[in-house]
Structure formats: C-alpha cells, structure tokens
Amino acid sequence: MTHPSPLDPLDPLDPLDPLDPTGRPAVPAYDFDTPVDRHGTWCTQWDYVEDRFGVPGLLPFTISDMDFAAAPEILRALHGRLDHGVLGYSRWRQRDFLSAVADWYGTRHRTTLDPEAIVYGPSVVYQIGRLLHLWSRPGDGVVAHTPMYDAFPKTVAAHGRRLLACPPGDWDALERLLARPDTAVLLLCSPHNPTGHVWTRAELDRTAELCARYGVAVISDEIHSDLAHAPHVHRPWALHGAPGGRWAVVTSASKSFNIPALTGSYGIIGDPASRDAYLRHLKEADGLSSPAVLSLVGHIAAYREGARWLDALGDYVRGNLSCLADRLGAAFPGLGWAPPQAGYLAWIDVRPLGVDDDALQRELVERQKVAVMPGAAYGAPGFLRLNVGCPRVKAERGADAVIAALLALG
C-alpha cells in the first residue's frame, strides 16, 4: 500500500539543508568537466558505435548513459564491498536495500512507500515483460505514447502483445485506445523518453481516471525520474494508483547515477497478489531472485549518500542543455528549441528546416564524424536525440556538429 506523505509533493526539496550565502543548499564540488577515456572498456556507446552507424571511431552522442564517473560516494561503497572479498549469493529483501529505496522516495519524491510493496528485478525491461504476462494475454493491446523508447515496441512484440501508439496530449485518442475491449495495459514512460516531458499532476490524474474507468492496468517506467529539472517536479505513479490496484512503478538508480553496468532494478507493485505472482516467477521460473550484490551496494550508496552529487549533476546537465539551446537559437532563430523538462537527452525537432533524414545522418557521420540518434528510431522522423550527459567540451562539439550538418543541408 502506498499513500502520499503529509508533505505536498510540490514543496521544495530538502528544506532543512544548510544554505550557502546565496541561499542555495551547499553542494560539494564534483568534477564533471574532465573527460574520462571510455575506449577499450567494452563500452556500448564508444567501443561499439560501428554496430549501429557502420563507421568506427565516431564521437558518440547515442545510448542513454553518461560519460561521467559514478559518484565518489558510490565508488567508495563498491570498493568497500570488494575489499571484503566474498561475492556469494545475496538477498535483496533485506532492511538496508528496502529502507534506502523507501527513504529516497520519502525525501526526494515526497511519497511514502510500504517497503513490502517493493520488488527486485534484473532490469526495468525484464520487469515490464513479466508484468505484461501477468496483466495481459497474447494478442491484447498495450497503449504507449509515441515517440517512444525503442525497447518498448520490441518488448511488447516479443511477448505477443500488440502496441497501440498514442501521441502525448491527444486525450481523445488515448480514451479511444483505453476503451477498446482488447486493451489490457498502459505502458507509461514518466518522465517521457525521448521527449523529456514531465507529466503534470493534472495529466497523471486524468490518465489514472481513464485507466480506472476502462479497467486498464498501468506500468509506469520512471527510470529518468530523478533528473527532473526545476520547476518541473516528477510525481511517482504511486501517488495516483489506487491502493491494491493493478499498477506498478518500474525503475532503477542506473540512469540518474550512471551505474547501468551494475545491472539491477526495482519495482513497486500495488496489488499484493500480482506482487506475489511476480516474485514467484522471478524465483521459480526464471531463477533470478539472487541479485547482483554490487547493484544493491550501488543503489544503497546512491540513495543514502548520493543526493548532493545528483544535485550537482543536474546543474551541470542543465548547463549543457542551455549551451545547446543558445547555439541552436543563434543559428536557427525560427527553430524555437527549448531544453527538455527532465534528463540529459536533447530531443530536437528539425522538421521546420526541411532537411532529409537520410541526408542529415550521412552529413553527421561522414563529414562531422559524430553519431547522433535519428528520431526514426523512436517512431518520429524529422527529429534528433542528442545525449549531452557528458563533459561540456564534448557537448559543445555535439552542438556544433549538429548545427554544421543542418547548415550544410539548408
């Protein structure tokens, strides 16, 4: 069972933190400017860019991980666990992990969680697949907003369900899809990837009312939730799902704290029977109930000690996004691009410039020597998704490459 805390979720966070003379909470100095060489580390973004773009050695702005080292607080905890020397089977259902998650939601998201509602999963996509099996049958419809994270259509199809795409903000289309007798699940991305939209309280309330009206279960992927940019505030679906209802939040510290290689995720499942069925399958059918111990250590350290690092990271990412906005605005005043409301993925609508998608990709790859994700990968031709979770010098290079490519085709 989950319920809002007495504090309003829209109140400023951490009101009791010590302040510096400017009135802002004091934040330790962290170095996000110094590049870290990721070559030769089996890095998907850097070492295997040729797999997707056909050319080796491109400067990548692609997969959604960041080029920053993990928070020193996390690295210290990992070193301490490795120094112990024994890496045996572990349990995720223990006080340290569950209380770290619950406390994080209480302090960061103003949401009180029952630790008994928390479950473990090896990944967010794994959890989505298991929940689709619980709450739908082969052939059922799964509604998701488009453009969408490219794993969603693959996962839905792989589990024999049918994807029903709906543009964000088209409430008539959303209701029509939810009202279909074969629609079983709404797969929500909150905040939305790739656009970076942070759903408002009114939007989530309206979505919850529609799903309740038509008996549609909700799976809310909230993996980007910790990087909402003020004044926008992420509201967990746990504040909107009915107690004991068929809804789940699936998430991880991996995006916000840049630890995806540790694997591991967790969920919040509202319905106790569904929670038990999920955990039974996790353990008995898939044999995955013993977690990656370093993932547990990383999550606990992130949530117990990493808030200051995350605040500093958010400031730095906003600086990168502001730099991109300034440069795009100077080069293309009519484009009107604004930074996303959450995350470090810049979703850029280049349709007003009338450029051809294939020609733009050739220009970026062959002449600018950069890899930038085309919007078509997310179901939206005419867009680019540029990852600026990186040192400022690289973000500037990416902005300049995009602008040069667009100017060359204009």
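Structure: see above.
Reading the values: rules and limits
- Residues numbered from 1 in each chain as written.
- Predicted model: local features only at pLDDT ≥ 70, side-chain atom pairs only at ≥ 80, totals over all residues.
- Heavy atoms only, no water.
- Helix = DSSP H or I, 4+ residues; strand = E, 2+ residues; numbered from the N terminus.
- Rg over C-alpha atoms; globule rule 2.2 N^0.38 Å.
- Buried < 20%, exposed > 50% of the residue type's maximum accessible area, 1.4 Å probe, protein only.
- Contact = heavy atoms within 4.5 Å.
- Phe/Tyr/Trp six-rings, centres within 6.5 Å; stacked < 30°, edge-to-face > 60°.
- Lys NZ or Arg CZ within 6 Å of the ring centre and 35° of its normal.
- Expected span 1.5 Å × (residues − 1).
- Pairing = 2+ DSSP bridges.
- Axes fitted to C-alpha atoms, helices over the stretch in contact; angles between N-to-C directions.

(A) Expanded view of the overall build of the protein chain. Tallying secondary structure elements over the protein chain gives 13 helices and 13 strands in all. On C-alpha atoms alone, the protein chain measures out to a radius of gyration of 21 Å, which is about the 22 Å that the 2.2 N^0.38 rule sets for 410 residues. Taken along its principal axes, the extent of the C-alpha atoms in the protein chain is 60 × 55 × 45 Å. Classification of the 410 residues of the protein chain by burial places 53% in the buried group. Considering only contacts in the protein chain between residues 6 or more positions apart, those separated by 24 or more positions represent 76%.

(B) Structural detail: the packing of aromatic side chains. In this structure the tally under the stated criterion is 15 aromatic pairs. With 5.8 Å between their ring centres and 20° between their planes, F257 and W309 make a pair best called stacked. A residue pair is termed long-range when its members are at least 10 positions apart, and F257 in the loop between β9 (247-251) and β10 (265-269) and W309 in helix α11 (residues 307-331) qualify at 52 residues. Relative accessible area serves as the criterion here: at 0%, F257 is assigned to the buried category. Overall, W309 belongs to the buried group, its relative accessible area being 2%. Ring plane angle 90° and centroid distance 6.2 Å describe the contact between Y266 and Y303, whose orientation is recorded as edge-to-face. Here Y266 is found in strand β10, whereas its partner Y303 is found in helix α10 (residues 293-305), with 37 residues between them in sequence. Given the relative accessible area of 7%, Y303 is considered buried. One residue, R392, lies across the ring of Y316, its end atom 4.4 Å from the ring centre. For K394, the ring lying beneath its charged end belongs to F61, and the centroid distance is 4.8 Å.

(C) Main features of the environment of L288. When you line up the elements, L288 lands in the loop between α9 (272-285) and α10. Each C-alpha atom of the pair L288 and H79 lies 25 Å from the other, and the pair is 209 residues apart in sequence. When neighbours within four sequence positions are excluded, L288 is seen to be in contact with Y120, P122, Y126, L282 and K283.

(D) The arrangement of α9 in detail. With 14 residues, α9 should cover 20 Å at 1.5 Å per step; its first-to-last C-alpha distance of 19 Å lies within 8% of that length. Residues of α9 that are buried include every one of S274, R275, A277, Y278, L279 and L282, and no others. Residues of α9 that are buried make contact with β4 (118-121), α5 (124-135) and β10. Looking one or two places after α9, you find G287, whose phi comes out positive at around 60°.

(E) Layout of the sheet that holds strand β8 (residues 217-221). With mixed pairing, the seven strands of this open sheet are ordered in space as β4-β10-β9-β8-β7-β5-β6. Looking along the sheet, the strands with just one partner apiece sit at the ends: β4 and β6 (162-166). Averaged over all neighbouring strand pairs, the angle between strand axes comes to 25°, with direction disregarded. With three bridges connecting them, strand β5 (residues 141-145) and strand β7 (residues 183-189) associate as parallel partners. Considered in β7, the bridge of V143 is made with L186. Along the sheet, helix α7 (residues 171-179) makes contact with β5, β6 and β7, crossing β6 at roughly 160°. Seen against the sheet, α9 touches β4 and β10 and runs at an angle of roughly 25° to β4.

(F) Region of interest: unusual backbone geometry. In this structure, the amide linkage connecting S190 to the following residue, P191, adopts the cis form with an omega of -5°. Within the secondary structure layout, P191 lies in the loop between β7 and α8 (201-214). Of note, the amide linkage connecting N193 to P194 takes the cis form, showing an omega dihedral of 20°. Position of P194 relative to the elements: it lies in the loop between β7 and α8. Positive phi is not limited to glycine here, since N258 has a value of about 55°. Note that N258 resides in the loop between β9 and β10.

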